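# A structural walkthrough
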Amino acid sequence: MNLPTLAADAPLSPSSIQDRKAEHLRICLDDKVQCQEVTTGLEYYQFSHCALPELDFEEIDLSTSFLGQVLGAPLLISSMTGGTKTAQLINQRLAAIAQHYGIAMGVGSQRVAVENPAVTDTFAVRSIAPSIPLFANLGAVQLNYNYGLPECQRAIDDLAANALILHLNPLQECIQSRGDTNFRHLLPKIEALCAGLPVPVIVKEVGNGISAATAQKLIDVGVAAIDVAGAGGTSWAKVESERAEDQRQRRLGQTFAEWGIPTAECIVDVRSQLPDLALIASGGLRNGLDAAKALALGADLVGMAYPFLKAAHESETALSDLMAILLAELQMVLFCTGHRNLADFRAAQPLLRRQPH
Ligand SMILES: Cc1cc2nc3c(=O)[nH]c(=O)nc-3n(C[C@H](O)[C@H](O)[C@H](O)COP(=O)(O)O)c2cc1C
């Protein structure tokens, strides 16, 4: 008997990729695609309070550096969007706030622009954010679907990017109808990119997490940084279920809605195996306290997608308010644990303790 394959083979046209991007935005703005049962695991950690910080709050310094670039705070606006007019506006608002505070930013997958150069502008925010670390983005699996060095270089050039993020999304591709599910032999292709591109390559997940074993394989082929993008936040299985074209896609999305390695577990696991790795933590971080816990567990940079999307979609003011409060929350954690800067804070990791369940 000939069973149907997991993914049908008709390739997506540029316009259907654009439609998909628009749908992703609409669906992600709804709370119901956030994980419910699986959590980041950060709630099991608590800071030891310092009643006498011997510091002036005003002197708390959040500045840091990542892959050789200085940042005003250890924050990343995670890769999200591009390809439509709404996406362009969101990218422009995100870029403006990132530039204002000197934080890093990623854009959404640029596949739509590689295939339809007319939408390149919807990603191109370098003129708005001339000095921030700006990260290009493509799906790693595209390396098995005719993408190579030239397409990656294009994505980097279109953005004047400081690094290329390759995202890994095997679960999402399985659920999507016509998903790209051939993930074989990607490592040597990633290795060739790391050797051939003029900027560092970062690899991230999209909300299901990266284990230490996978991170090690990626580092061994020359990847410069890992973003664990763990479970506990936006669930791409839920997103794909919401936009299901048929019963099969809806069912697969529901079955795997809470799949993934919780973000806290990823950070601890990856950091213990790779002490010197440039490590980004993301996936379900929703405030500055979550961000501070991720940093204390070993992340160098913390990323958020959904909170920034929601605020940027609402207004520039909402985005600016969110940024100010995130920074205040981070500063408060440093202040109330008695640390003036991030280096001191990180060095004092033992102050973090696990709550009894
Ligand atoms: C609307 C939207 C679009 C996204 N598109 C991409 C993408 O194109 N490439 C990518 O690497 N990650 C993409 N992501 C995943 C995020 O970068 C992030 O890994 C994930 O949403 C988990 O973070 P969160 O829980 O803070 O939302 C997208 C997320 C959202 C909300």
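Each value, and the rule that gives it
- Residues numbered from 1 in each chain as written.
- Predicted model: local features only at pLDDT ≥ 70, side-chain atom pairs only at ≥ 80, totals over all residues.
- Heavy atoms only, no water.
- Pairing = 2+ DSSP bridges.
- Helix = DSSP H or I, 4+ residues; strand = E, 2+ residues; numbered from the N terminus.
- Axes fitted to C-alpha atoms, helices over the stretch in contact; angles between N-to-C directions.
- Contact = heavy atoms within 4.5 Å.
- Near = heavy atom within 4 Å.
- Polar contact = N/O pair within 3.5 Å; in protein donor to acceptor, adjacent residues only side chain to side chain.
- Areas by Shrake-Rupley, 256 points an atom, 1.4 Å probe, with all protein chains shown as cover.
- 1 Å grid on protein atoms, 1.4 Å probe; cavity = no way out; pocket = protein on both sides within 12 Å on 5 of 7 lines; lining within 4 Å.
- Sits in = over half its atoms within 2 Å of the grid points.
- UniProt positions renumbered as here; feature names shortened; annotations may be inferred.
- Buried < 20%, exposed > 50% of the residue type's maximum accessible area, 1.4 Å probe, protein only.
- Right-handed = clockwise from strand over helix to strand, strands pointing away.
- Points joined across faces, edges and corners; volume = space filled by probe spheres on them.
- Left-handed = near helix turned anticlockwise from the far one by under 90°.
- Nonpolar A, V, L, I, M, F, W, Y, C, P; charged D, E, K, R; others polar.

## Section: the sheet that holds strand β10 (residues 278-282)
Strands sit in the order β4-β5-β6-β7-β8-β9-β10-β11 around a closed barrel of 8 strands; the barrel is parallel. Strand-to-strand twist of the sheet, defined as the mean angle between neighbouring strand axes without regard to direction, takes the value 25 degrees. Across 5 bridges, strand β6 (residues 134-139) lies against strand β7 (residues 163-167) in parallel orientation. Within β7, the residue paired with N137 across the bridge is I165. Packing of helix α11 (residues 288-297) onto the sheet brings it into contact with β10 and β11 (301-304), and relative to β11 it is tilted by some 145 degrees.

## Structural notes on the site of the ligand
Taken together, 23 residues surround the ligand, and among them S79, S109, K204, T234 and R286 come closest. The contact in question runs from an oxygen atom of the ligand to an N or O atom on the side chain of K204, over 2.8 Å. Measuring from an oxygen atom of the ligand, one finds a backbone N or O atom of A305 at 2.9 Å. About the coverage of the ligand: the protein hides 97% of its 600 Å² of free accessible area. According to the grid-proximity analysis, the pocket containing the ligand is the largest cavity. When residues of the shell around the ligand are traced back to their parent elements, those giving at least two are α1 (14-28) and α12 (306-314).

## As for the UniProt feature "binding site: substrate" (unreviewed entry) in the chain
UniProt annotation of "binding site: substrate" (unreviewed entry) refers to R20, K21, S109, Q110, R111 and Q172 when read in the numbering used here. Lining the largest cavity, from the set of annotated residues above, are R20, K21, S109, R111 and Q172. Inspection of the secondary structure assignment puts R20 in helix α1. Mapped onto the fold, Q110 is located in the loop between β5 (104-106) and α3 (111-115).

## Section: the environment of A257
Residue placement: A257 occurs in the loop between α9 (247-255) and α10 (263-273). With 139 residues separating them along the chain, A257 and A118 place their C-alpha atoms 34 Å apart. Contact partners of A257, with chain neighbours within four places excluded, come to C35, S235, A237 and K238.

## A word on the pairing of strand β8 (residues 201-204)
Side-chain alternation along β8 places V201 and V203 on one buried face and I202 and K204 on a second face that is also buried. Sheet topology note: the β7/β8 ladder contains 4 bridges and is parallel. By the bridge assignment, H167 is partnered in β8 with K204. Taken together, the 3 bridges between β8 and strand β9 (residues 225-227) define a ladder with parallel strand orientation. Across the sheet, the residue bridging to K204 is D227, located in β9. Running through helix α7 (residues 212-220), the crossover from β8 to the neighbouring parallel element β9 is right-handed.

## Looking at the layout of surface pockets
Taken as a whole, the largest pocket encloses approximately 320 Å³ of empty space. L168, F183, L186, T214 and L218 are, among the 14 residues lining the largest pocket, the residues nearest its centre. Residue assignment for the lining of the largest pocket shows that the elements contributing at least two residues are α6 (186-196) and α7.

## Here we look at the side chain of T122
One can find T122 in the loop between α3 and β6. Within the structure, T122 has its side chain in polar contact with the backbone oxygen of V119 (distance 2.6 Å). When sequence neighbours within four positions are dropped, the list of residues in contact with T122 reads G82, G83, T84, A87, Q88 and N91.

## A word on the packing of helix α2 (residues 85-101) against helix α13 (residues 316-336)
Packing of α2 against α13 leaves a shortest axis separation of 10 Å and a crossing angle of 35 degrees. Judged by the twist between their axes, the crossing of α2 over α13 is right-handed. Touching R93, L94, I97 and Y101 of α2 are E316, L319, S320, M323, A324 and L327, all from α13. Along the lines of polarity and charge, the residues of the contact of α2 with α13 split into 7 nonpolar, 1 polar and 2 charged.

## What about the environment of A22?
Following the sequence through the fold, A22 ends up in helix α1. On the accessibility criterion, A22 (37% relative accessible area) is partly exposed. Along the chain, A22 and G82 lie 60 residues apart, while their C-alpha atoms are 8.9 Å from each other.

## Overview of empty space enclosed by the protein
Evaluated as defined, the whole model comprises 3 cavities of 30 Å³ or more. One number sums up the size of the largest cavity: a volume of about 670 Å³. Forming the walls of the largest cavity are 40 residues, and the residues nearest its centre are S79, M80, K204, V206 and W236. Elements with a contribution of two residues or more to the lining of the largest cavity: α1, β6, α5 (170-175), β11 and α12. With 6 residues, α1 is the single largest residue contributor to the lining of the largest cavity. A per-class count over the lining of the largest cavity returns 13 nonpolar, 20 polar and 7 charged.

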